[in-house]
Amino acid sequence: MCRLLAYLGSPVSLESLLDNHEHSLITQSYQPQEMISGTVNADGFGVGWYHAQKDTEPFSYRSTLPIWNDVNLPSLSRYVESGCVVSYVRSATAGQALDISNCQPFKYQRLLFIHNGKIDQFRQTLYRPIRSLLNDEIYQWVKGTTDSEHIFALLLNELQNSPGKSLEQAMHLTLLKLKELAEHHETYTLANLVISDGNRLVASRFSTKPPSPSLYWLQNDSNSNSVIIASEPLFKGNWNSFPENSILSVREDCDIRIEQI
């Protein structure tokens, strides 16, 4: 199981999000406390962010190294500031390649996406069924072999099939489709997802075989107008656990809405 982190609010340095806390994402990579499988997250990492002033497509930095071994990250994270960030540390599912194409966050145009969880026996169960649902553009866009990227592809497919859909609607439909496919093919999925367009965050805590992986949110820490979403609390504070099988939306003004799936 991976560990996730997402932030929306006033611009902050990547360093303050990734490292400057007692139980930071970097600490969670080698000393997680709430993982339901695996012991460390040493199979790569990634961070994606949006420019604090310019209206551009997002940036990302990904690596197959353990996050604690990347000598370039400290300098980069001190330099970059952003008001919208997603990041993760990876514990690869058995059988999935340690390759840069399999490192998150995945990016499509203005969207960034991260996933914690798995589709059990993905290659033997839902790999072909999911690919058969994709339109030609999204089918060709997929570069890696992970269940995570294919879940994102399914979500992108929903958005393209009905351009008027919101991110929340597309995520809801994607999770229902995953549930339907998992039941039909006698497997299960754990799908803690986060997607962003730079102006908001939409996240889910979802599973077809409870319990779901852990996921928390914290609003307005230290009097700042912000929301942090994390697999595990980064520090002591008024963290809230996501309800099982729910979608949480964070709007531009950091207002939070939660709906059950």
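Conventions used here
Residues numbered from 1 in each chain as written. Predicted model: local features only at pLDDT ≥ 70, side-chain atom pairs only at ≥ 80, totals over all residues. Heavy atoms only, no water. Phe/Tyr/Trp six-rings, centres within 6.5 Å; stacked < 30°, edge-to-face > 60°. Lys NZ or Arg CZ within 6 Å of the ring centre and 35° of its normal. Patch = residues over 30% accessible without salt bridge, like charges linked within 9 Å, V, L, I, M, F, W, Y side chains within 5 Å. Areas by Shrake-Rupley, 256 points an atom, 1.4 Å probe, with all protein chains shown as cover. Salt bridge = Lys/Arg side-chain N within 4 Å of Asp/Glu carboxyl O. Helix = DSSP H or I, 4+ residues; strand = E, 2+ residues; numbered from the N terminus. Buried < 20%, exposed > 50% of the residue type's maximum accessible area, 1.4 Å probe, protein only. Pairing = 2+ DSSP bridges. Axes fitted to C-alpha atoms, helices over the stretch in contact; angles between N-to-C directions. Contact = heavy atoms within 4.5 Å. Core = buried A, V, L, I, M, F, W, Y, C linked by side-chain atoms within 4.5 Å. Polar contact = N/O pair within 3.5 Å; in protein donor to acceptor, adjacent residues only side chain to side chain. Expected span 1.5 Å × (residues − 1).

A. Spatial organisation of the packing of aromatic side chains. As enumerated under the stated definition, the model contains eight aromatic pairs in all. One Lys or Arg, K209, reaches over the ring of Y188 and ends 4.4 Å from the middle of that ring.

B. Inspection of a nonpolar patch on the surface at higher detail. Taken together, the side chains of Y30, V40 and W68 define a hydrophobic patch exposed on the protein surface, amounting to about 280 Å² of accessible area. With respect to the element layout, Y30 can be found in helix 2 (residues 25-30). Overall, the relative accessible area of 43% leaves Y30 in the partly exposed class.

C. Up close: the sheet that holds strand 7 (residues 189-196). Reading across from one edge, 5-6-7-8-12-13 is the order of the six strands in this open sheet, with antiparallel pairing throughout. Strands with a single pairing partner mark the edges of an open sheet, and in this sheet they are strand 5 (106-108) and strand 13 (256-260). The mean angle between the axes of side-by-side strands here comes to 20°, regardless of whether they run parallel or antiparallel. Taken together, the five bridges between strand 12 (residues 246-250) and strand 13 define a ladder with antiparallel strand orientation. Residue V250 lies in a different strand from strand 13, and its bridge partner there is I256. Each of strand 5, strand 6 (111-119) and strand 7 is contacted by helix 6 (residues 147-161), which is oriented at about 130° to strand 6, the strand it contacts most.

D. The arrangement of the pattern of salt bridges in detail. All chains considered together, the criterion is met by twelve salt bridges. Across the pair E57 and K107 runs a salt bridge whose closest N-O atoms are separated by 3.4 Å. Of this pair, E57 sits in the loop between strand 2 (45-49) and strand 3 (59-63) while K107 sits in strand 5, and the two are 50 residues apart along the sequence. The salt bridge involving D197 is made with R200; its shortest N-O contact spans 3.2 Å.

E. Geometry of the nonpolar core. In this structure, F152 and I195 are the most contacted members of the largest nonpolar core, which totals 32 residues. A total of seven residues in this core trace back to one element, the largest contributor, which is helix 6. Once residues lying within four places of it in the same chain are set aside, the contact partners of F152 are F106, K107, Y108, L111, F113, W141 and I195. Counting 23 residues, the second-largest nonpolar core is a separate cluster that includes C84, I114, V194 and W217.

F. Geometry of the environment of S207. Its place among the elements puts S207 in the loop between strand 8 (201-205) and strand 9 (216-219). Given the relative accessible area of 4%, S207 is considered buried. At a separation of 3.1 Å, a polar atom in the side chain of S207 contacts the side chain of S212.

G. Seen up close, the environment of E22. Position of E22 relative to the elements: it lies in the loop between helix 1 (14-18) and helix 2. For the pair E22 and L234, spaced 212 residues apart in sequence, the C-alpha to C-alpha distance is 6.6 Å. Ignoring sequence-local partners within four residues, the contact set of E22 consists of T27, L234, F235 and K236.

H. Spotlight on the side chain of S212. One can find S212 in the loop between strand 8 and strand 9. You can call S212 buried: its relative accessible area is 3%. Dropping the residues within four chain positions of it, S212 is found in contact with N192, R205, F206, S207, E244 and N245.

I. View of helix 6. For helix 6, which comprises 15 residues, the first-to-last C-alpha distance of 21 Å matches the rise-based estimate of 21 Å (1.5 Å per residue) to within 8%. Among the 15 residues in helix 6, 13 count as buried, and that is most of the element.

J. Spotlight on unusual backbone geometry. A cis amide bond, omega 5°, links Q104 with the succeeding residue P105. With respect to the helices and strands, the residue P105 is situated in the loop between strand 4 (81-89) and strand 5. Of note, the bond from P210 into P211 is cis; its omega dihedral lies within 30 degrees of zero at 5°. Tracing the chain through its elements places P211 in the loop between strand 8 and strand 9.

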